[in-house]
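If you want the building blocks of each chain, they are given just below.
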Amino acid sequence: MSVANAALYGLGGTFVSLVVVAVALIVCALVARPQVLPFGMAEIVSLIVCTAVYVWRKNVAR
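Read on for an overview of the structure.

### Let's talk about the overall build of the chain
(1) Moving on: Counting its regular elements, the chain contains two helices and zero strands.
(2) Moving on: By the compact-globule yardstick of 11 Å for 62 residues, the chain is too spread out, its C-alpha radius of gyration being 15 Å.
(3) Moving on: Across the 62 residues that make up the chain, the buried fraction comes to 6%.
(4) Moving on: As displayed, the chain has an accessible area near 5200 Å², and 76% of this comes from carbon and sulfur atoms.

Shown next as structure tokens:
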């Protein structure tokens, strides 16, 4: 796999993840307005942690 393909897959995965987060935040805003901020913060933190663990396992822990 070339570097350009790897970068394209990484950007595509990031875009899809952010779309999923945005849809979840919209649904949360419609269903439970007061919990949008804590839910959004938890979503973003979990996305960052999962991405960091994946990158670490893929690149460092070989």
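Anyway, onward from the coordinates.
### Regarding the packing of helix α1 (residues 3–31) against helix α2 (residues 36–59)
(1) Moving on: Running from amino to carboxyl end, α1 crosses α2 at an angle of 165°, the nearest separation of the two axes being 10 Å. Judged by the angle between their axes, α1 and α2 are roughly antiparallel. α2 is crossed by α1, and the crossing has right-handed handedness. Two secondary-structure elements touch here, α1 through Ser17, Leu18, Val21, Ala24, Leu25, Cys28 and Ala29 and α2 through Val36, Phe39, Gly40, Glu43, Ile44 and Leu47.
(2) Moving on: For the contact of α1 with α2, the class distribution of residues is 10 nonpolar, two polar and one charged.

### Here we look at α1
(1) Moving on: Across its 29 residues, α1 extends 42 Å between first and last C-alpha, which sits within 8% of the 42 Å expected from 1.5 Å per residue.
(2) Moving on: Of the residues making up α1, those classed as buried are Val21, Cys28 and Ala29.
(3) Moving on: Packing partners of the buried residues in α1 comprise α2.

Basis of the calculations
- Residues numbered from 1 in each chain as written.
- Predicted model: local features only at pLDDT ≥ 70, side-chain atom pairs only at ≥ 80, totals over all residues.
- Heavy atoms only, no water.
- Helix = DSSP H or I, 4+ residues; strand = E, 2+ residues; numbered from the N terminus.
- Rg over C-alpha atoms; globule rule 2.2 N^0.38 Å.
- Buried < 20%, exposed > 50% of the residue type's maximum accessible area, 1.4 Å probe, protein only.
- Areas by Shrake-Rupley, 256 points an atom, 1.4 Å probe, with all protein chains shown as cover.
- Axes fitted to C-alpha atoms, helices over the stretch in contact; angles between N-to-C directions.
- Parallel < 35°, antiparallel > 145°, perpendicular 65-115°, else oblique.
- Left-handed = near helix turned anticlockwise from the far one by under 90°.
- Contact = heavy atoms within 4.5 Å.
- Nonpolar A, V, L, I, M, F, W, Y, C, P; charged D, E, K, R; others polar.
- Expected span 1.5 Å × (residues − 1).

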